[in-house]
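Here are the chains, one letter per residue:
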Amino acid sequence: MTSLNTAPDLTGRNLSKRRAFANRSATVLIGLCVLIAALPLVLVAWQVITRGGSALSLGFLTEEIPRNYRTEGPGMGPAILGTLAITGMAALIAIPIGVLGAVYLNEYGQNKPLARFIRTMADVMTGVPSIVMGLFIYVAYVIVIGEKVGFGGSLALACLMLPIVIRSAEEMLRLVPEELRQASAGLGARKWRTTMSVVLPSASSGITSGALLAVARAAGETAPIIVTVGLTYIYKPDLFYGENTTLAAQIYRNATQPFAASQERAWGAALTLIVIVFLFTIVSRIIASRFAIDKR
Amino acid sequence: MTATATPEAPAEVDLGGEARSRRADWGFRALVTAAGLTVLAVLGLILITTSLRASPAFQDEGLIGFVTGTRWAPNDDVFGTFPMLYGTLVTSVIAMLIAVPVSIGIALFITEVAHRRSRKYIVTVIDLLATVPSVVFGLVAVLVVVPAITPAYQWFADLVAPVPGLNAIFDDTNTGRNYFTASLVLAIMAIPIITSIAREVFATVPETDKQAAYALGATRWEMVKGAILPHSFGGLVGASMLGLGRAMGETIAVALVIGGATSMSANLFAPGNTMAAIIAQQWGESSGLHQDALIAIGVELFAITVIINFLARVVVRRAEIKMKGAHS
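Note that this is a predicted model, so its numbers are computed, not measured.

A. Expanded view of the pattern of salt bridges. Summed over the entire model, instances satisfying the criterion amount to 14 salt bridges over all chains. In this structure, the salt-bridge partner of Lys 210 of chain B is Glu 112 of chain B, at a minimum N-O distance of 3.0 Å. Taken together, the residues Lys 210 of chain B in helix H8 (residues 207–215) and Glu 112 of chain B in helix H3 (residues 82–113) connect sequence positions 98 residues apart. Relative accessible area serves as the criterion here: at 8%, Lys 210 of chain B is assigned to the buried category. Between Lys 210 of chain B and Glu 207 of chain B there is a salt bridge, with the nearest N and O atoms lying 3.8 Å from each other. Remark: Glu 207 of chain B and Lys 210 of chain B occur in helix H8; sequence separation between them is 3 residues, near one turn of the helix. You can call Glu 207 of chain B partly exposed: its relative accessible area is 35%. A single salt-bridge network, built from bridges that share partners, covers Arg 119, Asp 123, Arg 167, Glu 170, Glu 171 and Arg 174 of chain A.

B. Quick look at the UniProt feature "domain: ABC transmembrane type-1" (unreviewed entry) in chain A. The positions that UniProt labels "domain: ABC transmembrane type-1" (unreviewed entry) are, in the present scheme, residues 80–288 of chain A. Between the end C-alpha atoms of residues 80–288 of chain A there is a gap of 27 Å, over a span that is 80% helix and 0% strand.

C. Structural view of the UniProt feature "transmembrane region" (unreviewed entry) in chain A. All names here are of chain A. Under the UniProt annotation, "transmembrane region" (unreviewed entry) lies at residues 26–49, 79–105, 117–143, 149–166 and 266–288. Taken as a whole, residues 26–49 contains 100% helix and 0% strand, while its terminal C-alpha atoms sit 35 Å from one another. What you have in residues 149–166 is 94% helix and 0% strand, and the ends, taken at the C-alpha atoms, are 27 Å apart.

D. Here's a closer look at the interface of chain A and chain B. Each side of the interface is counted separately: chain A has 86 residues, and chain B has 89 residues. In this assembly, chain A packs against chain B so that about 7,600 Å² is buried in total across both faces, 76% of it on carbon and sulfur atoms. The interface formed by chain A and chain B contains 3 salt bridges. For Arg 285 of chain A, the salt bridge is made with Asp 127 of chain B, and the minimal N-O distance between the two is 2.7 Å. Inspection of the chain A/chain B interface yields 8 residue pairs in polar contact (both at pLDDT 80 or more). Counting residues per element, the side of chain A that touches chain B draws most heavily on helix H2 (residues 17–55) of chain A, at 19 residues. Residues belonging to the side of chain A that touches chain B are distributed by class as follows: 60 nonpolar, 17 polar and 9 charged.

E. Broad picture of a nonpolar patch on the surface. Nonpolar side chains collect at one region of the surface, where Ile 307, Phe 310, Leu 311 and Val 314 of chain B lie side by side and expose about 330 Å² of accessible area between them. With respect to the helices and strands, Val 314 of chain B occurs in helix H12 (residues 288–327).

F. Expanded view of the UniProt feature "transmembrane region" (unreviewed entry) in chain B. Residues and elements named next belong to chain B. Look at the UniProt record and you will see "transmembrane region" (unreviewed entry) annotated at residues 30–48, 84–109, 121–146, 179–198, 252–270 and 293–316. The span residues 30–48 shows a helical share of 100% and a strand share of 0%, and its end C-alpha atoms are spaced 25 Å apart. Across residues 293–316 one finds 100% helix and 0% strand; the C-alpha atoms that close the span lie 34 Å apart.

G. Inspection of empty space enclosed by the protein at higher detail. Throughout the structure, instances matching the rule amount to 3 cavities of 30 Å³ or more. What the largest cavity holds in volume is close to 60 Å³. Elements that contribute at least two residues to the lining of the largest cavity include exactly H2 of chain A together with H3 and helix H9 (220–249) of chain B. Top element by residues in the lining of the largest cavity is H2 of chain A. It accounts for 4 residues. Residue composition of the lining of the largest cavity, by class: 6 nonpolar, 2 polar and 2 charged.

H. Geometry of the nonpolar core. Among the nonpolar cores identified, the biggest contains 192 residues, and Val 48, Ile 131 and Met 161 of chain A together with Ile 106 and Val 136 of chain B are the most heavily contacted of them. Per element, the largest residue contribution to this core is 16 residues, and it comes from H3 of chain B. Contact partners of Ile 131 of chain A, with chain neighbours within four places excluded, come to Ala 223 and Val 227 of chain A together with Thr 251, Ala 276, Ile 279, Ala 280 and Leu 301 of chain B.

I. Inspection of the packing of H2 of chain A against H3 of chain B at higher detail. Orientation of H2 of chain A relative to H3 of chain B, taken along the N-to-C sense of each, is 110 degrees, at an axis distance of 8 Å. Put simply, H2 of chain A runs roughly perpendicular to H3 of chain B. Note on packing geometry: the crossing formed by H2 of chain A with H3 of chain B is left-handed. Contacts between H2 of chain A and H3 of chain B pair Thr 27, Ile 30, Gly 31, Cys 33, Val 34, Ile 36 and Ala 37 of chain A from the former with Pro 101, Val 102, Gly 105, Ile 106, Leu 108, Phe 109 and Val 113 of chain B from the latter.

J. Structural detail: the UniProt feature "domain: ABC transmembrane type-1" (unreviewed entry) in chain B. The UniProt entry lists residues 85–312 of chain B under the feature "domain: ABC transmembrane type-1" (unreviewed entry), expressed in the numbering used here. In residues 85–312 of chain B, the share of helix is 79% and the share of strand is 0%. The end C-alpha atoms are 20 Å apart.

K. Highlighting the packing of H2 of chain A against H9 of chain B. Between H2 of chain A and H9 of chain B, whose axes approach to 7 Å, the crossing angle comes to 80 degrees. Classified by the angle their axes make, H2 of chain A and H9 of chain B are roughly perpendicular. Two secondary-structure elements touch here, H2 of chain A through Arg 19, Ala 22, Asn 23, Ala 26 and Thr 27 of chain A and H9 of chain B through Arg 220, Trp 221 and Glu 222 of chain B. When grouped by side-chain class, the residues that make up the contact of H2 of chain A with H9 of chain B number 3 nonpolar, 2 polar and 3 charged.

L. Region of interest: the packing of aromatic side chains. Taken as a whole, this structure holds 14 aromatic pairs over all chains when the rule is applied. On the numbers, 6.3 Å between centres and 55 degrees between planes, the contact of Tyr 108 of chain A with Phe 28 of chain B is tilted. With one member in each of two chains, Tyr 108 of chain A in helix H4 (residues 77–109) and Phe 28 of chain B in helix H1 (residues 19–61) form a pair that bridges those chains. Taking 4.7 Å as the distance between ring centres and 85 degrees as the angle between the ring planes, the aromatic pair formed by Tyr 138 of chain A and Trp 283 of chain B counts as edge-to-face.

Quick notes on the rules
- Residues numbered from 1 in each chain as written.
- Chains lettered and ligands numbered in written order.
- Predicted model: local features only at pLDDT ≥ 70, side-chain atom pairs only at ≥ 80, totals over all residues.
- Heavy atoms only, no water.
- Salt bridge = Lys/Arg side-chain N within 4 Å of Asp/Glu carboxyl O.
- Helix = DSSP H or I, 4+ residues; strand = E, 2+ residues; numbered from the N terminus.
- Buried < 20%, exposed > 50% of the residue type's maximum accessible area, 1.4 Å probe, protein only.
- UniProt positions renumbered as here; feature names shortened; annotations may be inferred.
- Contact = heavy atoms within 4.5 Å.
- Buried area = accessible area lost by both parts, 1.4 Å probe.
- Polar contact = N/O pair within 3.5 Å; in protein donor to acceptor, adjacent residues only side chain to side chain.
- Nonpolar A, V, L, I, M, F, W, Y, C, P; charged D, E, K, R; others polar.
- Patch = residues over 30% accessible without salt bridge, like charges linked within 9 Å, V, L, I, M, F, W, Y side chains within 5 Å.
- Areas by Shrake-Rupley, 256 points an atom, 1.4 Å probe, with all protein chains shown as cover.
- 1 Å grid on protein atoms, 1.4 Å probe; cavity = no way out; pocket = protein on both sides within 12 Å on 5 of 7 lines; lining within 4 Å.
- Points joined across faces, edges and corners; volume = space filled by probe spheres on them.
- Core = buried A, V, L, I, M, F, W, Y, C linked by side-chain atoms within 4.5 Å.
- Axes fitted to C-alpha atoms, helices over the stretch in contact; angles between N-to-C directions.
- Parallel < 35°, antiparallel > 145°, perpendicular 65-115°, else oblique.
- Left-handed = near helix turned anticlockwise from the far one by under 90°.
- Phe/Tyr/Trp six-rings, centres within 6.5 Å; stacked < 30°, edge-to-face > 60°.

This is the structure we're talking about:
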């Protein structure tokens, strides 16, 4: 903020009343904007922690989901397993393709028309509504195989993650110094060797951090899940067989019910989901802060 | 006379490498290119497969009728989606009217007002806001905000009842699940996106411009008005369009708070629906032509959001190029 320190009129004593008033009220209004943004965050955190906290217990994390909205008591185990398995499978699909795509954009395509087009389209793809991704997988996969399965949700989430992973990984590859590539080439390494053993490892923590952020985003997605995955009350570890469920889908299902028991489960699921998402985000932050290259 | 050993002509060095390794290079290139092309393939497949599946619904109503029809009655196989298009536009535009000024304010606070330490906290708050899943916003909105805010809506409706025009927009309410609540939730969800782009845009304003404004005796607000905002206008338009695209596609939070009526109303305190929300609400009980029609709404939504996002990117990029030009 050097601009503030070197402002010539530090006293403001010569300002006309009107100008001083405009300046002060603008500053207050701008500060108010921050409060407006902080308010919903505080409200959400407070409500989810207090209401969800009372629902949470060991049984809540492990037991099966009650079939009736009115049934009191715990159980979100299958949804927790479903969230982790479906999101994890999505990450297994999207991260390799995304990183390789980023390698193409930064190492091969650079400013070629095709690369520029892919870059723009990846940006556009980040704006495609998640429900549309769900409908796409429903039509292209669920209808084809004939049943709703967990893997359909993974495919839809992978479509959502792909453009985010590509763009963030490309940012990180761009930070790898050109000298490293030249040194590797000078030692006789071919381009694929240079990329695999020099470029990607030096960008690895940045890429991991960006990918984890995409995973965190995907874990909280609801719309594509309710379209492609269906519903279950019991543990379904096999993503390729039978309908499944996630925490986000359970929150949506239970939130609109007028029964206290199901609402309490929704709050508990919300707290669990937020904890999972925050864990991913925090780990991503820690990895990113250890990333050496971008500090050069 | 010293006999200089004439150096032998250097043997032709083959820098081409082994054939095997050359093939590996070619193969790797093909692999990464294919990975890059998946983006285009997925976007193309979305358009083709969903359009094909939705075509019975489009044929049933005619493309024009589907978009402009005002009656949505799945039991009679009547699928007019205009009320949902209206709801999408109304809620997302109102959300932008709230979110854009607030986001610009936050971005200005972060770049121009806050001290280094408090800046870090504010950025964290905004980042945290972005990580909250939309269904959690929806849960808090429908179970906490809606019951609490309904009397406030009625109070405001009574207040503006004598004012012509306003009393049509803010009329009597019997439910807190309405267009306006949906707009509020969308605004909160759009703030982090718009703020982060606005910050990037403000960061491109040349330091010299700001210093020049201060040197002329401008107050901070006059500096913002004279140096930052004119310079950033294009970028802020792009940021708002990106936020708009995001708000139009938001599904779950809206599905929880908009009420689910398939009629239109000028009254913002009346329940309605949006294109994304109706898909989520009616998906479970849909089949046959009804389901095709929901997919067709998805196609319509896809087309609208892709166009808006594409235009937004063009605007942002053009603004960036213009700013870089000003530097050099």
